[in-house]
There are 6 protein chains.
Amino acid sequence: MISELQKEQTVIGFFAVKEIMEKETRETRKKYLDLTLLDGSGQINGKVWDIADVIQGEIPGVGDIVKVDALVQEYRGSLQLKVNKLRKATDADSYEKQKIIPAAPAPAEQMLETILRFAEEIADQPLRAACLHIIHKYKGQIMTHPAAKTRHHSYKSGWLQHVTTMLLVAEKLTTIYSCNKDLLYAGIIFHDIGKLQELKSDQLCVGIEYSTVGELLGHISLGLAEMETVPNLDSQRKHLLQHMILSHHENPEWGSPVKPMFKEAELLHLLDLMDTRMFDFEKCTKPLEKGALSGKVYELDRKIYNPLI
Amino acid sequence: MISELQKEQTVIGFFAVKEIMEKETRETRKKYLDLTLLDGSGQINGKVWDIADVIQGEIPGVGDIVKVDALVQEYRGSLQLKVNKLRKATDADSYEKQKIIPAAPAPAEQMLETILRFAEEIADQPLRAACLHIIHKYKGQIMTHPAAKTRHHSYKSGWLQHVTTMLLVAEKLTTIYSCNKDLLYAGIIFHDIGKLQELKSDQLCVGIEYSTVGELLGHISLGLAEMETVPNLDSQRKHLLQHMILSHHENPEWGSPVKPMFKEAELLHLLDLMDTRMFDFEKCTKPLEKGALSGKVYELDRKIYNPLI
Amino acid sequence: MISELQKEQTVIGFFAVKEIMEKETRETRKKYLDLTLLDGSGQINGKVWDIADVIQGEIPGVGDIVKVDALVQEYRGSLQLKVNKLRKATDADSYEKQKIIPAAPAPAEQMLETILRFAEEIADQPLRAACLHIIHKYKGQIMTHPAAKTRHHSYKSGWLQHVTTMLLVAEKLTTIYSCNKDLLYAGIIFHDIGKLQELKSDQLCVGIEYSTVGELLGHISLGLAEMETVPNLDSQRKHLLQHMILSHHENPEWGSPVKPMFKEAELLHLLDLMDTRMFDFEKCTKPLEKGALSGKVYELDRKIYNPLI
Amino acid sequence: MISELQKEQTVIGFFAVKEIMEKETRETRKKYLDLTLLDGSGQINGKVWDIADVIQGEIPGVGDIVKVDALVQEYRGSLQLKVNKLRKATDADSYEKQKIIPAAPAPAEQMLETILRFAEEIADQPLRAACLHIIHKYKGQIMTHPAAKTRHHSYKSGWLQHVTTMLLVAEKLTTIYSCNKDLLYAGIIFHDIGKLQELKSDQLCVGIEYSTVGELLGHISLGLAEMETVPNLDSQRKHLLQHMILSHHENPEWGSPVKPMFKEAELLHLLDLMDTRMFDFEKCTKPLEKGALSGKVYELDRKIYNPLI
Amino acid sequence: MISELQKEQTVIGFFAVKEIMEKETRETRKKYLDLTLLDGSGQINGKVWDIADVIQGEIPGVGDIVKVDALVQEYRGSLQLKVNKLRKATDADSYEKQKIIPAAPAPAEQMLETILRFAEEIADQPLRAACLHIIHKYKGQIMTHPAAKTRHHSYKSGWLQHVTTMLLVAEKLTTIYSCNKDLLYAGIIFHDIGKLQELKSDQLCVGIEYSTVGELLGHISLGLAEMETVPNLDSQRKHLLQHMILSHHENPEWGSPVKPMFKEAELLHLLDLMDTRMFDFEKCTKPLEKGALSGKVYELDRKIYNPLI
Amino acid sequence: MISELQKEQTVIGFFAVKEIMEKETRETRKKYLDLTLLDGSGQINGKVWDIADVIQGEIPGVGDIVKVDALVQEYRGSLQLKVNKLRKATDADSYEKQKIIPAAPAPAEQMLETILRFAEEIADQPLRAACLHIIHKYKGQIMTHPAAKTRHHSYKSGWLQHVTTMLLVAEKLTTIYSCNKDLLYAGIIFHDIGKLQELKSDQLCVGIEYSTVGELLGHISLGLAEMETVPNLDSQRKHLLQHMILSHHENPEWGSPVKPMFKEAELLHLLDLMDTRMFDFEKCTKPLEKGALSGKVYELDRKIYNPLI
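Residues numbered from 1 in each chain as written. Chains lettered and ligands numbered in written order. Predicted model: local features only at pLDDT ≥ 70, side-chain atom pairs only at ≥ 80, totals over all residues. Heavy atoms only, no water.

### Observations regarding the relation of the copies chain F and chain E
Right, so step 1: Laying chain F over chain E is done by rotating through 180° and shifting 0.1 Å along the axis; what remains is an RMSD of 0.1 Å. Here the transformation between the copies is reduced to the relation of a two-fold axis. In terms of proximity to the rotation axis, the leading residue of chain F is lysine 172 of chain F, whose C-alpha is 3.1 Å off the axis.
Right, so step 2: Take the interface residues of chain F: 100% of them recur as interface residues in chain E, which is what a same-surface contact looks like. (Least-squares fit on C-alpha atoms with pLDDT ≥ 70 in both. Contact = heavy atoms within 4.5 Å.)

Structure, rendered in structure tokens:
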């Protein structure tokens, strides 16, 4: 993994191409390739000084998986790859695409179908229409959008994974706790809609950044404003959904100026919290052996233990 | 309801007998009955000055439901009933027992069966044995014990209702989030075991009070200590369950010195939170009309709204 | 003043009519008037049992100032006026209308002119247009709307007084601190626009209440949403103003999920704070003698001292 | 700038001499010069190994601006200049003195005149005398003293700039908010008087440090104690000014054990806050391009945005 | 006790005279006495309508203990005594003076001797001189001054009791923890010196109030300022004592802007805390039976338990 | 000291052997020694490549003090000793054992005697038996156990030093503040008993770590559970001691879910706080010259000053 590379080491591995550009050396005017390569653990700059010698077959493009043989060097305090050999990966190669470009485990198409199924099951016509409107409006973007910058579901199709998992849990819970399912499903579908504007992401969903408007307003306010643009929604339903968006982090310090004031808003908050916590525990427990304690885990602000049983 | 009585009003209604005692007036040495009556809204002292005239049929005992015709009077700043007529309620009377002696909606026997079913389903032998041990140890007490003094499930069999509902929710959730079901079920069964010592309650579960040891140690520490007495439990399992008890309120300010450090402990915390919040929302929303806002609700530290849809 | 009335006292004074209704006594079917009267200190219910005898001249209407001679009685724990004489006030009467119906010291028309002058001085065309649009949209409402429920400027035309004072201060400050005056003026005009929806007020601006949507979303979110409806505003300007609205309370605990991120947003926050603090100090110092200390002042969360010099 | 120097780089630039000392090498007993040079961005040690060869003209003294040609070297983990050529700067050289020795933009003499003008305008004789006394007492020191160690106005004459700007703002504000101008002006002049003892600074106001008594007591307590030494001040006025000093940070966590209890004390707090915030925003926005977001800004505990308009 | 009196009750008891004034009834111009009487539990107004009949022997003066026979009446919402008989207490009467006028258990003279003994034992001449100076300066006042308004030692000679107990504890502790005893003793003597100005008290030390300067500055700042007036104290010692005064509450929220920075300052803080806590526990445990729990105790912000052993 | 070693330096000094192992080089199969050496300032790895040449006399064992002559080298980013000469220290060598293996200043045997003396002085039989039981149970472990991982008394026999000092202080204080000495002594002996399980330490008490159960439960909960295992202790005494253990950190954020509810519990808290503060001040003041200020001290969260007097 990129994060484990060390100076002077030789590495052979599979990476994704995040950026690729042909440049010229300042003095000798010789062409070379300037690359940004990444895998699930991070990214690194690479140089192909002698294109003809190094590149085998076609020159790869952004998003291609490549096999690389390179020397790790230090340049101005950062590590860099001096590439000795590079070729596009083929079906014959054995690598885990998931580890190179992290993404939700289920295919985006299938998750989209799930979210659409729930939207269509909403009995209340205006809420159903609002949900279908927003899913169709952002259909393109949600197929790949992450759910966060660095924390839970911060990878390709993370937004879709987060929302569909919450819908599936909601379906279960409403068999035990009585509530307005239509309102709850709609609230889940809309609650993070502002993240589509708050976060900017490249096509590979690796370099996730906050957009300027994301910094100025935050996803909760952006979601609230988004509700104003949903056509044909009466003000009671609009205000209920705006309240659910506004209160889903529950606390002022976590970005919610008001607390949930009806049961579906409270459930939305708890389902959101549960899905992020379960994600973080899953992720942080995986690398731990049975009986081992982690160091302080940033996402959860505590150490994690993996029970022996 | 008792809480709504006003001075000088005449009231006819059904109440439960919490206390009943024959006394004598100081000077005339005449016998009278001193009663404490209660319903779901509170309790009140009552006097039967002329026993023969007032009591119809048998003199009722503690726990009986009685029909009362009385005048509300003020005595030394408190309201008191001067009872004109009183008789034990019969099957012919129409009153809601649930409103007079609040209790969990399902019968305690049925809930006990549920909790036993879950305990028996635990595959891990030591955890199963520990759960069955504790249920059998406190079988008598849990049939009526409340789950809190004034907040959620603070009525007859509330402890059992809280634990069984959490088990049912856990059963659903573990179909979506992978975890060690045995540990989670055992954690749920044990998490509030200390409340059996922390709270003292009369047979009708109305006058719930903290016991002295409850004030000195709190239910979390009492539960922790209880674990020391479970026979044949290896230290790994004992420590896991003690950690789950210790961390289930999650925050130091809420009584948990450590945060949940494994997934089942975190889920336990979230399920506990969800069950109490759903209970409180249900209770506080019920008296609200559609579209109405409540005043500040103490349990939830916010106002509650009942949506129009 | 109404707040100082005591049981069994006879009072002669001037009040405003907040509500007036003709009713009938239950048994004798005699007509009487049921009134709500108010002055700057509070409100009180009154009864005119013998209309012909008590009312001199025309029966007054809502909003009229009346002269009342009455006996203060207690009824079910509240004070009530048994009116002996009542007539509409005339120009010959000497009373301070300001003390009876509290309102901003300057006429609303003059403050409206001020706010319009500032809006027209904005050099940036889109910001100017947005400000003029919103002033004209709410022209009717802002003439009387209060700026708060119970704290600063919580009286007739308080909203307009707060905004215009802040504009006048901004005009001064920008001669010392360089900043974008257009943005600052527009931010001031829009910052409390959500209060027009958050607060409901009767015509006399006394019974100020939060609206349901005010409770669900709060004036900051309502202002944010309002910005979505301003026509022809490019997204940079819209986002700047939304950020100013969002951040003007500065702290999450005071309702602002983000802190001011540019100078004009910071100045807006400081000017808002200064205007409310100066208002509260002025109001709370007025009743204090020189050299006197007040008790704890709720609005300012401290005691106030009136210096001897 | 010094902060941007990198190992092995050759630099030619203008710096101020903070320290200069003739020393001898341990073994060869050869004389060399040990220098501390600084500019607005930081400071660096320098060595002149061959004095005769390197120094052109007179050897410079502390506070002189010099032109230096040197090689940047690393020595025991720190950068150091091996000076090749060094001479005192002349009027013919083009450099910005302000960038080398940062200082308030206006001349100290002019600011002193402003503060004196305000002091003389105070109508109340004892307050006027107290202000004139303190200005004259510290006349020498305030000409150069900074207003802080690392935050706002932490450069030459920063104290004077902070106080005079606040006076100018106060003059404007008191045309809108009524208050006792004499008290406000005196409060402004005295509020940071304790900083003259709290901070120690070399003549160039670069190496600003807290004094021991500054650490033990802080500038607020030192200012309070200073008031005890003002001659001929009655106790009411002394206590008012002490209260203003004590409360001007408003919150216990910011060093004020009491909150402002009269209007002038509150205004002092707000003016102080405003002047520091405006300073910090100005400083942090300057290096940002239009439309750019900064990283987290330490002084303001947030990111800063430079609007496009 | 006065706090337990009830309307229409007849009371015979011993009280202290806090105020006594001869007045005239408005209409009949008849002379009567207007009294304020107090005991350890509170105070009450009393009227002697028929002086000749009621008063036996000499008319008592302020501070006298009197025996009173009176009827408790309600007047304008407060209780009042209609005095039937009143005479000065004699040595023959059996009452506990301590319960009527609460005071420190040891005689003030003896405590003064103790504090003087410690001051004279200080080996460091300037610290010894400073301590003796301040004790002699306030010799009159400290004989009766309380140590607080409503909390620990808020009675006659409470200040002296608090300081001398701390000195005695310090003497013991310094046999175990090494420190500068001179500095510690001096710090204890000076730490609450500002309370002499912060609190105003009548001669009987019952109506304890904050003075205006106490509200404006607080006892910590007043103590700090007091140090400026101690003659012949070098600045190191003055600053050390000022730091001890300033930091003895340890936390900004408790009034200390700086934390203790040397061992003696830390010990002072801990000794102060210990003496107040021990006082409060003693006072709050006394009325509790063995095995009983108190309600929430305001001073300690918790319930108190009296152990069975 | 180890913490001050620098690359390429030659060092001659005394260290303790923490680990020693004979290994073989991978290729040449030559035997060498792999050592971990430590002194009071830290630990370092060392290699003895040529055993015969380097080791003088016997090969040392774990816990031996050795005299080492070595070269400091960097290997994979860490410092390492290439040992030139090494021999066991003899009585003729002059080194301070205390500086090499930090430990409590008094011998453990003597402290054990002290703690036993106090336990035997407890008049209450059940408390005395409980204390003697626990001391005898952990007699082996407490002889060397530290009292903390990195803060106060985090060295050999630190636990014993902390407990015995507190007992000595308690003995003094109870001559001034009345309380149940038996309960206080027992509380002191038990309060940190959970640390024996919470902390794992090697024989030299240098590498102190939290155990897994220490992380999961913390020493307070472990102490609480330990009390369940004390034989023949009635529940009142058990609950009192459990409450004392539980509340001795006083605040939820410091690990105590309840505050001390009786005087002995409060005193325990204050004595614990005092002993740790005195320890930390002593340790942090020692390296400071008279009149010097430290940097921010982590343990005390403040700077420390060493007074000139």
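### As for the interface of chain F and chain E
Right, so step 1: Contact with chain F, which involves 44 residues of that partner, is made by 44 residues of chain E.
Right, so step 2: Of the roughly 4000 Å² buried between chain F and chain E, counting both surfaces, carbon and sulfur atoms make up 69%.
Right, so step 3: At the surface where chain F touches chain E, the tally comes to twelve salt bridges.
Right, so step 4: A per-class count over the side of chain F that touches chain E returns 25 nonpolar, six polar and 13 charged. (Buried area = accessible area lost by both parts, 1.4 Å probe. Salt bridge = Lys/Arg side-chain N within 4 Å of Asp/Glu carboxyl O. Nonpolar A, V, L, I, M, F, W, Y, C, P; charged D, E, K, R; others polar.)

### What about the relation of the copies chain A and chain B?
Right, so step 1: Overlaying chain A with chain B gives an RMSD of 0.1 Å, the required rotation being 180° about an axis along which the chain moves by 0.1 Å.
Right, so step 2: Both copies present the same face, since 100% of the interface residues in chain A are matched by interface residues at the equivalent positions in chain B.

### Considering the domain arrangement of chain A
All names here are of chain A.
Right, so step 1: Under the domain assignment used here, chain A contains domain 1 (2-100) and domain 2 (108-284).
Right, so step 2: The straight-line distance from the C-alpha centre of domain 1 to that of domain 2 is 37 Å.
Right, so step 3: Each side of the interface is counted separately: domain 1 has six residues, and domain 2 has four residues.
Right, so step 4: Summed over both partners, the interface of domain 1 with domain 2 comes to about 350 Å²; 78% of that surface belongs to carbon and sulfur atoms.
Right, so step 5: Of all residues in domain 1, Lys18, Leu38 and Gly63 give up the largest surface area on contact with domain 2, accounting jointly for 66% of the area buried on that side.
Right, so step 6: At the boundary of domain 1 with domain 2, the tally comes to zero salt bridges.
Right, so step 7: Run the count over domain 1 and domain 2 and you get zero residue pairs in polar contact (both at pLDDT 80 or more).
Right, so step 8: Per-element tally for the side of domain 1 that touches domain 2: the top contributor is strand E1 (residues 10-24), with three residues.
Right, so step 9: Taken together, the residues of the side of domain 1 that touches domain 2 sort by class into three nonpolar, two polar and one charged. (Domains from an automatic or database assignment. Polar contact = N/O pair within 3.5 Å; in protein donor to acceptor, adjacent residues only side chain to side chain. Helix = DSSP H or I, 4+ residues; strand = E, 2+ residues; numbered from the N terminus.)

### Description of the interface of chain A and chain B
Right, so step 1: Counting residues at the interface gives 44 residues for chain A and 44 residues for chain B.
Right, so step 2: When chain A packs against chain B, the two sides together hide about 4000 Å² of surface, and 69% of this comes from carbon and sulfur.
Right, so step 3: Between chain A and chain B we count twelve salt bridges in total.
Right, so step 4: Note that arginine 302 of chain A is salt-bridged to glutamate 250 of chain B, the shortest N-O span being 3.6 Å.
Right, so step 5: On inspection of chain A and its partner chain B, the count reaches 20 residue pairs in polar contact (both at pLDDT 80 or more).
Right, so step 6: Of all the secondary-structure elements, those providing two or more residues to the side of chain A that touches chain B are helix H6 (158-173), helix H10 (235-247), helix H11 (263-285) and strand E10 (302-305) of chain A.

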